[in-house]
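# Survey of secondary and tertiary structure
Each chain, written out:
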Amino acid sequence: MASNSGPKSLNRSQNNGSSNNNSNNSDKQVIHSTSSSKNSSGHPPVRSKPNSAKRSVTPNSRAANPNNNDDSEPARVRVAVRVRPRDAEDLNSEADYADCVELQPELKRLKLRKNNWNADSYKFDEVFTDSASQRRVYEVVAKPVVESVINGYNGTIMAYGQTGTGKTYTMGRLGKHDPSERGIMVRSLEDILANTSPTLDTVEISYLQLYLESIQDLLAPEKNNIPIAEDPKTGEVSLPGAAVVKIRDLDQFKQLVQIGESNRHAANTKMNTESSRSHAILMVYIQRSSLGKADTDSPRDRDSKRNTGNTMNTLHKSKLLIVDLAGSERIAKSGAEGHMLEETKFINLSLTSLGKCINALAENSSHIPTRDSKLTRMLRDSFGGSARTSLIITIGPSARHHAETSSTIMFGQRAMKVVNMLKLKEEFDYESLCRKLENQVDYLIAENERQQKMREDDKEEIEKKLVEYRNSFAEVENSLDARCQLFENENKHLVSENQRLLDELKLQKDRNDVMHDQVARLEMSLKQSKQNQLEGSSYQKMLVDTTQMYEKKIAELMEQIEDEHSQIERAQDQLAKVKQMLSDHQKSKELQGKQEIDDLKEKLQKMCQVHDKTVNDFQSLKTENVELLSEKAMLSEDLQKLNQKLSVEEKQRKHMEDEFYKLKKMVAERGNDNEDKSSIMKENNGKVHPGYGNSLSLSRSFQQREAIPRVSKIFEEVGLEKTIAMLKSQDLDVQIHAVKAVANLAAEDSNQEKIVEEGGLDALLMLLGSSDNTTIHRVASGAIANLAMSEKNQGLIMSKGGAHLLANIASKTDDAQTLRMVAGAIANLCGNQKLHASLKEDGAIKALLGMGGSGNSDVIAQIARGMANFAKCESRGTVQGYRKGRSLLFEDGALAWLIDNCAINSSSTRRHIELALCHLAQNDDNAPDFVSSGSVKELVRISSESTREDIRNLAKKTLKLNPMFQSEMVC
């Protein structure tokens, strides 16, 4: 039976502002969750535990950062409880006390009553009353997790509780007509989109369901049985086959969620008319780009910092899981049958596996059984991992579900002991950095080419000027040589002239000497001599002035030559500077090449480290393989022991068969003895005393009633194969006892497959066709009804003509109990849409409606259940798009029968009839029949007067969406 053994979701709320400023450049590894007993305040203290390879589930996002600091932040799973408002069934409850739950929200406590005088008190992180708004639930439970995810941490928000307590309402409500009713999914995406930049950040989602232990994509229904992939190095879980959709705005997200909800499996049970039959998981992937400590910056600030390009870009990659688990349920209360029973088994199995993991974490166990279910594998990071997790448990107030409520509360208490280690998933934006470096390299290359071209142009210009200077220098040199030659010639001429003058002066001196000697003789000519001497002095002065003038000109020419030499030296200095610049550029290029070689060496060292880690992982896997081989050997030994035990039980079975035959013989002899005694008494007394006769009759009746269950039990013990063989016996009593034994065995699910394999179904159908005994008809029909709860057996019953035989029995008998069994079998077959056409052709639908003429309330209840199953399957096929056309029920007058029996007193029968009408009305092809028969008025009555709120909402929705019904209501 189903039980509340599985967790709904674990949620981790972040301390406000504590994680925004920590570990911007550090990579946080997962430290496994620890647990401890509660302290005086009701909260479990945080206790660290050494790292363990079995608990490491989160990748080392920033292992490449040499400045990495492993400072993971512990965060306990936060648990809140929400109580559903009382419904009509709770109000009509006849328990000693209406509610088993007493809330103390101001103390954050909850009291669970065991009886009228005894109650247990439990403390939670938050307690919500039935009047709590959706907004308050989101802000307390989910908003801290959403803020943590926006800042780069993983997060999980889960809802857990009994079916029908409001999990889907809390998590996935879209709030189309009333925005205040929006659930956690819509509000979370609204906050995420408001705090991310559409140009720099990306927000993507995947929407999945876990149905019958198979992962299906709700956004792409053709993707079925999606595998789970785990990174062998980091342990991170991913779903490579799931569809990932980028979210642009909130309206697009709502449309995607609505598409996913239409593809999600749901069913009608006694606990909930729209019970989720699968676990729904919404995965939100967020990638934010930041600059330095940009976690607290707004999107506009980060855009401006990106434009400046002064800091290193980093990426925050985070994931948010919003999990709406299917509700745990008890089969006895939910009334699950056939395929829904299989769904319930898988739901409870996955929830049980999740509960085991929570218990192991709460008890600080060394082994966490996360691989027992796909659900626990997908949620590895949510408990005992690096995600911030919040859990909201939903319960009902009614004492009728005290056991389920207690199990839910205890699960929440255990979940509060789990501590996760938060890890900021931050890494450098290497792609953006690479693009930036490539742009810088391109710019530098272009700048280098431009400068090189400029240097080449300058070099050519300098070479041209140098040639010009050389030519000019040669010309000046030639000119100077010519001038020097001219000066030398003039100097020679002057020297010769001076020599000539000196000769003349010498000659004049000689003459003066002669004249002095002849003074006396030349006294008369003295004046003339003095005049000649004065003329010689003026001429000498003129010669000195001319010589000075030539020397000055020679000095000016020497200065011009020195200026030309200084210009040539400056040109040589410029040429040397250009050569030095070329040499420096070549040296800088050599330094850059050396830096790149150092970077490549560093990357090679990192790759070697990764290789060593991979070798270590391989060795650990090899060790695990050896352990698995040893476990296989142990299982082989256990199998041999089991075979020996089976052989002993076979011997015991044969012994029981012998005892059965002996007991049967004793029963026959005892009957003969009683007849002999009766005849002897009649002979002795002449006639039997009235009082004694009555006691003898009662004794015989008692013996017969006592023998029937004893013989049936013996039939069960002698073996299924021999019991089925006795169904073909010619003895009517043996047939009756044998068919009762088979019916008792068929009531257990574990025996049904064996009965079919041993030919029990064929034998039962043979008895229905050949026997005229009412008891055999009743019991055989009941056995077939039990077998018809399995989808596999339903197809076999139809293929062997079972529906036709059941219809014949219904037309022949007036026994109410037989009709009830036949109607129950046909109602179970109506729950399989693949068989609808065959049921119509074999006359089973017509026979089912015809049995309503008996007037028996139990028979009518089975007919109503069959109509509800048939109509629900047709409605599901119409919504999913693989069925079209008018309902098959209308051809046999089902609509008129449903309308005639709407006012029946039985609440369960009336509920099935109302559900059948609502599901039939959802098909637009059935609308003309509803309008022509006046059934729209009955839908209007159901929408306002039905005792079930979910049925009222379904009727309102159907009336609102159909234009023909709207026009009929206006008229």
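What you see is a predicted model; the values in this text were computed from it and never measured. (Residues numbered from 1 in each chain as written. Predicted model: local features only at pLDDT ≥ 70, side-chain atom pairs only at ≥ 80, totals over all residues. Heavy atoms only, no water.)

## Examining the overall build of the chain
Counted only if it meets this: Going along the chain from the N terminus, every DSSP run of H or I of four or more residues is numbered as a helix, and every run of E of two or more is numbered as a strand. Only protein chains enter the accessibility calculation, which uses a 1.4 Å probe; a residue whose area is less than 20% of its type maximum is buried, one above 50% is exposed, and one in between is partly exposed. In short, Shrake-Rupley with a 1.4 Å probe defines the accessible areas, and a residue's cover is counted only from the protein chains shown.
Within the chain, the secondary structure is distributed over 31 helices and 19 strands. Per-residue burial for the chain yields a buried fraction of 41% across its 971 residues. About 52500 Å² of surface is accessible on the chain, with carbon and sulfur atoms providing 51% of the total.

## Notes on the environment of C918
Our working definition: Every residue pair with non-hydrogen atoms within 4.5 Å of one another is taken to be in contact.
The residue C918 is located in helix α27 (residues 907-921) in this model. Of the residues examined, C918 reaches a relative accessible area of 0% and is grouped as buried. The contacts of C918, once residues within four sequence positions are left out, are L939, I942, I951, L954, A955 and T958.

## Concerning the packing of helix α22 (residues 816-829) against helix α25 (residues 857-880)
Applied cut-off: Every axis in this analysis is a line fitted to C-alpha atoms, fitted for helices over the stretch in contact. Angles between the N-to-C directions lie between 0 and 180 degrees. Throughout, the term roughly parallel applies to angles under 35 degrees, roughly antiparallel to angles over 145, roughly perpendicular to angles from 65 to 115, and oblique to all others. In this classification, Asp, Glu, Lys and Arg are treated as charged, Ala, Val, Leu, Ile, Met, Phe, Trp, Tyr, Cys and Pro as nonpolar, and every other residue, Gly included, as polar.
Interaxial distance between α22 and α25 falls to 8 Å at its minimum, and their mutual angle equals 10°. In terms of axis orientation, α22 runs roughly parallel to α25. On α25, the residues that touch A816, L819, R820, A823, G824, A827 and N828 of α22 are D858, V859, Q862, R865, G866 and N869. A class-by-class count of the residues in the contact of α22 with α25 yields five nonpolar, five polar and three charged.

## Details of the packing of aromatic side chains
Test applied: By convention, a stacked pair of Phe, Tyr or Trp rings (six-membered ring in the case of Trp) has centres within 6.5 Å and planes under 30 degrees apart, an edge-to-face pair has planes over 60 apart, and any other such pair is tilted.
Applying the stated rule across the entire model yields three aromatic pairs. When the centroid spacing of 4.6 Å and the interplanar angle of 50° are considered together, the rings of Y160 and F411 count as tilted. You can see Y160 sitting in strand β7 (residues 155-161) and its partner F411 sitting in helix α10 (residues 402-415), a full 251 residues away along the chain. By relative accessible area, which is 0% here, Y160 ends up buried. A residue is classified by how much of its surface remains accessible, and F411, at 0% relative accessible area, is buried. By the ring-pair criterion, three or more aromatic residues cluster together here, those being F890, F930 and F965.

## Quick notes on the confidence of the model for the chain
Stated formally: As a per-residue quantity, pLDDT reports the predictor's confidence and falls between 0 and 100.
Residues of the chain with pLDDT of at least 70 account for 77%, and the chain-wide mean is 78. Contacts of residues 1-70 to residues separated by more than four positions or lying in other chains number 269 contacts, the stretch itself having pLDDT below 50. When the criterion is pLDDT under 50, residues 304-310 qualifies, and its contacts beyond four places in sequence or with other chains add up to nine contacts.

## Let's talk about the packing of α25 against α27
The condition is simple: For a crossing to be left-handed, the near helix must be turned anticlockwise from the far one by less than a right angle; the clockwise case is right-handed.
Following both chains from N to C, one finds α25 and α27 inclined at 25°, their axes separated by 8 Å at the closest point. In terms of their interaxial angle, α25 and α27 are classed as roughly parallel. Note on packing geometry: the crossing formed by α25 with α27 is left-handed. Residues I860, A861, A864, R865, M867, A868, A871, K872, E874 and S875 of α25 pack against T909, H912, I913, A916, H919 and L920 of α27.

## Notes on helix α30 (residues 949-961)
Helical periodicity: at 3.6 residues per turn, an α-helix aligns residues three or four positions apart in one direction. Definition in use: What a helix is expected to span follows from its residue count: subtract one and scale by 1.5 Å. The arc in question is traced by the directions running from the helix axis to the C-beta atoms.
Under the 1.5 Å per step criterion, the end-to-end length of α30 is 18 Å for 13 residues, consistent within 8% with the ideal 18 Å. Among the residues of α30, those classed as buried are I951, L954, A955, T958 and L959. Take α30 and look down its axis: the buried residues cluster within an arc of 130°, on one side only. The exposed set on the far side of α30, more than 90 degrees from its buried face, consists of K957, K960 and L961. Buried residues along α30 sit in contact with α27, α29 (935-945) and α31 (963-970).

## Some words on the nonpolar core
Our working definition: Put simply, buried Ala, Val, Leu, Ile, Met, Phe, Trp, Tyr and Cys residues joined by side-chain atoms within 4.5 Å make one nonpolar core.
Membership of the largest hydrophobic core comes to 83 residues, with the highest contact counts inside it found for L727, L764, M851, M867, L917 and F930. L112, V127, M158 and L208 belong to the second largest nonpolar core, which has 48 residues in total.

## Observations concerning the side chain of S214
Among the secondary structure elements, S214 is positioned in strand β9 (residues 214-217). For S214, a relative accessible area of 12% gives the class buried. Those residues in contact with S214, other than ones at most four positions away along the chain, are Q209, N224, N225 and K374.

## A short note on the pattern of salt bridges
To be explicit about the condition: For this document, the term salt bridge refers to a Lys or Arg side-chain nitrogen within 4 Å of an Asp or Glu carboxyl oxygen.
If you walk through the whole model with that rule in mind, you get 31 salt bridges. For E102, the salt bridge identified is with R113, shortest N-O distance 3.9 Å. Here E102, found in strand β3 (residues 101-104), pairs with R113, found in strand β4 (residues 109-113); they are 11 residues apart in sequence, far enough to count as distant. Exposure remark for E102: the relative accessible area of 32% places this residue in the partly exposed category. Where R377 meets E230, a salt bridge forms, and the shortest distance between an N and an O atom there is 3.2 Å. One end of the pair, R377, is in helix α9 (residues 374-378); the other, E230, is in strand β10 (residues 229-230), and 147 residues separate them in sequence. E230 sits in the partly exposed class, given a relative accessible area of 24%. Through salt bridges that share partners, E230, R371, R377 and R380 make up one connected network.

## With respect to the pairing of β7
Just so we agree on the cut-off: Here, any two strands with at least 2 DSSP bridges between them count as paired.
In terms of residue burial, β7 counts as a mostly covered element, since seven of its seven residues are buried. Pairing of β7 with strand β16 (residues 313-324) involves five bridges; the strand directions are parallel. Its bridge partner being in β16, G155 is matched across the sheet by L320.

## Focus on a negative patch on the surface
The condition is simple: Candidates for patches are residues over 30% relative accessible area with no salt bridge; among them, like charges are joined within 9 Å and nonpolar side chains (Val, Leu, Ile, Met, Phe, Trp, Tyr) within 5 Å. Positive charges come from Lys and Arg, negative ones from Asp and Glu, while His and the chain ends are left out of the count. A charge is said to be at NZ when it belongs to Lys, at CZ for Arg, at CG for Asp and at CD for Glu.
Taken together, E456, D457, D458, E460 and E463 make up a surface patch of like negative charges. Mapped onto the elements of the fold, D457 is located in helix α11 (residues 430-517).

## A closer look at the sheet that holds β3
If you walk across this open sheet you meet the three strands as β3-β4-β5, and the pairing is antiparallel. Only two strands of the sheet have a single neighbouring strand rather than two, namely β3 and β5 (119-123). Neighbour-to-neighbour, the strand axes of this sheet turn through a mean angle of 20°, independent of strand direction. With four bridges joining them, β3 and β4 adopt antiparallel strand pairing.

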